[in-house]
Amino acid sequence: MALRVVLIAAVAAPLVALLSEPAIAHAAALRGSTSSVEVPTWLFLTTGGGTVGASFLLASFVTDRAFMRSIHDWGFTLPAPGRLLRLGGQLVGLAVLAATVGIGYLGPETGYRNLAILVVWVGWWGGYVASTYLIGNTWPTLNPFRTVASLLPSLDRPYPARLGAWPSVAGLLALIWIEVVSPLADDPRLLATTIGAYTAVSAAGSVVYGTDTWFGRVDPISRVFALFGQFAPLKRTDDGLSLRLPGGALTDRGAVSGHAETVFVVAVLYVTTFDGFVGTGLWARLITAVVEIGVPPLAGYLGAYLVGFGLFVAAFWWAISLARRFGRTYITQTALAERFAPSLVAIAAGYHIAHNLGFILGVAPSLAVVAASPLSPPQQPPVLTTLPGWIAGLELAFVLVGHFIAVWIAHAAAYELLPGRLEAIKSQYGITLVMIAYTIISLWIVTTPTVTPPFLGGGGV
Amino acid sequence: MSTGRAGDDSEAQNSSDTSHTQATAELRPETHVPDGENPRQCPHCGFELPADDQFRLHLGLNHYDKLDDADQQAFRDAYQQEEAALTRFRIIALGGLVVLYFGFLLIYALLAT
């Protein structure tokens, strides 16, 4: 019985995805492209939401714990890369950092002609970040800030335990806030200075608390990559490289631990969403209206940023409180959140790739050409202006695939925590609703034409 | 909040059982019982559960070898009863899928021209 149901589910899940695909591919109007939408937007968005809902219903047919575990535990170990490779990685990281800061100051002032801008926003934030969840987290080795910090002596002061992951939450929110409101994506000098400041802060933190503590618990960038690395198929362990299914490690106990870390996961999802949201026409109209009644633009941005974050955290906690009620359990909300939060990492990864794929492919030729002669790049570095239409379809597919994996991770978490199989299904009501809502929001952001956020002065690459 | 009771029982048991129970106990998530509720506490790992069937299921799923025949039978009964409830849920879920699928199909047929 269970096996048959599993087979049906396995066949039906891609079918539902495929069935929704043509509509999505047609409806895609990415980043200001002028292709007409053939179905009403609300229908396109609810289809995305419906697909996620359907994947929950399909997952609910799988109630065999042993089968679920066998999926997540699938994997084997590969030999670990040697020390030489590690040293090579550190040197590459340092070289890229030095080149980025150097060219940032010495290269041309135009953003799209400066290697620093291209390396950071296209190579690193677009391409490299994708590698941390598609392949594996190589940041602990490459991280040039860590290499610099490890050269310095450390006081090894004990890290205050009560702070937990909160400083990394604040740090992440602050970093993305700076990224959104400052012309960091246009001004190479400012970018180089910011990277310098970041190096100084992480070096100072490492001197006080030690590199492992700083980059393991406080540094927001390292923590984001560590989370994405949990989704990735390859992971460095003591025995070597372990290979697992994407997202398999997110079903492990301890993937996220503590209240602050669950909020950090929500923050990762939120900041990428906000970054996209400020580029929508709706936001442009909203902030214009707010500024017209006399609110300073930056205060408007900050207010919306914090309120949005509050809403995301509240929605997540509401979902977890439903899990507690419908799951008929005494497990604390924090303990439930620890197991449900990792599912959001899959969504964040899917959204990140959807948000950046077209952009990276379009600007990648610029990166190559400018890297060849960083000090005297061509006046107009080449860009791919017309990407094939299926790229847009692929981006939307990534949003949905991220959600499918997330639904599955939440399903697995519920079955690990709750003894009753029906209770385990019911405990996912809240998180499924939140995911459906988020699918609709993120599909809307990804497909709505991008406009320059008003009042900020910068336009992005 | 119930912590620290982990594995008390298992020490009385034979040694091969000990590691298993302690492992489950360590993995046990934290609980909080609201005022005015009467939880059942698992005698093997101290985990608190509400209704009777949840308690039976927990015992059977986590400590099956340590149960006596009556408790094992109670677990099997609870599991069977759950099966019936699950079947009902699956029919509803299937209905939901059908509604979703044909609902969207109809809307697309009407609107997407």
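Residues numbered from 1 in each chain as written. Chains lettered and ligands numbered in written order. Predicted model: local features only at pLDDT ≥ 70, side-chain atom pairs only at ≥ 80, totals over all residues.

Secondary structure summary: chain B contains 3 helices and 2 strands in total. Across chain B, helices and strands are ordered from the amino to the carboxyl terminus as α-β-β-α-α. Burial statistics for chain B: of 113 residues in total, 20% are counted as buried. Counting only contacts in chain B whose residues sit at least 6 apart along the sequence, the fraction spanning at least 24 positions is 26%. (Helix = DSSP H or I, 4+ residues; strand = E, 2+ residues; numbered from the N terminus. Buried ≥ 20, exposed ≤ 12 C-beta atoms within 10 Å, placed from the backbone. Contact = placed C-beta atoms within 7 Å.)

This part covers the confidence of the model for chain A. Of all residues in chain A, 90% have pLDDT values of 70 or greater, and the mean over the chain is 85. Confidence drops under pLDDT 50 across residues 1-36 of chain A; counting only partners more than four residues distant or on other chains, this segment forms 55 contacts. (pLDDT = per-residue confidence, 0-100.)

Next up on the list: the nonpolar core. All names here are of chain A. In this structure, Val265, Val268 and Val345 are the most contacted members of the largest nonpolar core, which totals 102 residues. The dominant element in this core, judged by the number of residues it contributes, is helix H17 (residues 389-417), at 17 residues. Those residues in contact with Val345, other than ones at most four positions away along the chain, are Leu227, Phe228, Gln230, Phe231, Leu250 and Val265. Counting residues in hydrophobic clusters, the runner-up holds 20 residues, among them Leu115, Val119, Leu184 and Ala192. (Core = buried A, V, L, I, M, F, W, Y, C linked by C-beta atoms within 7 Å.)

To continue, consider the sheet that holds strand S3 (residues 240-244) of chain A. Residues and elements named next belong to chain A. Read across the open sheet, the 3 strands follow the order S1-S3-S2; overall the sheet is antiparallel. Each end of this open sheet is capped by a strand with a single partner; those strands are strand S1 (75-78) and strand S2 (234-237). Put simply, the sheet's adjacent strands are angled 30° from each other on average, direction ignored. Bridge count between S1 and S3: 4 bridges; the pairing is antiparallel. By the bridge assignment for S3, Thr77 is matched with Ser242. (Pairing = 2+ DSSP bridges. Axes fitted to C-alpha atoms, helices over the stretch in contact; angles between N-to-C directions.)

Glancing now at the interface of chain B and chain A. Tallying the contact residues gives 30 residues for chain B and 26 residues for chain A. If you list the elements that add at least two residues to the side of chain B that touches chain A, you get strand S2 (48-49), helix H2 (52-63) and helix H3 (69-111) of chain B. Per-element accounting of the side of chain B that touches chain A gives the leading share, 13 residues, to H3 of chain B. Classifying every residue of the side of chain B that touches chain A gives 20 nonpolar, 5 polar and 5 charged. (Nonpolar A, V, L, I, M, F, W, Y, C, P; charged D, E, K, R; others polar.)

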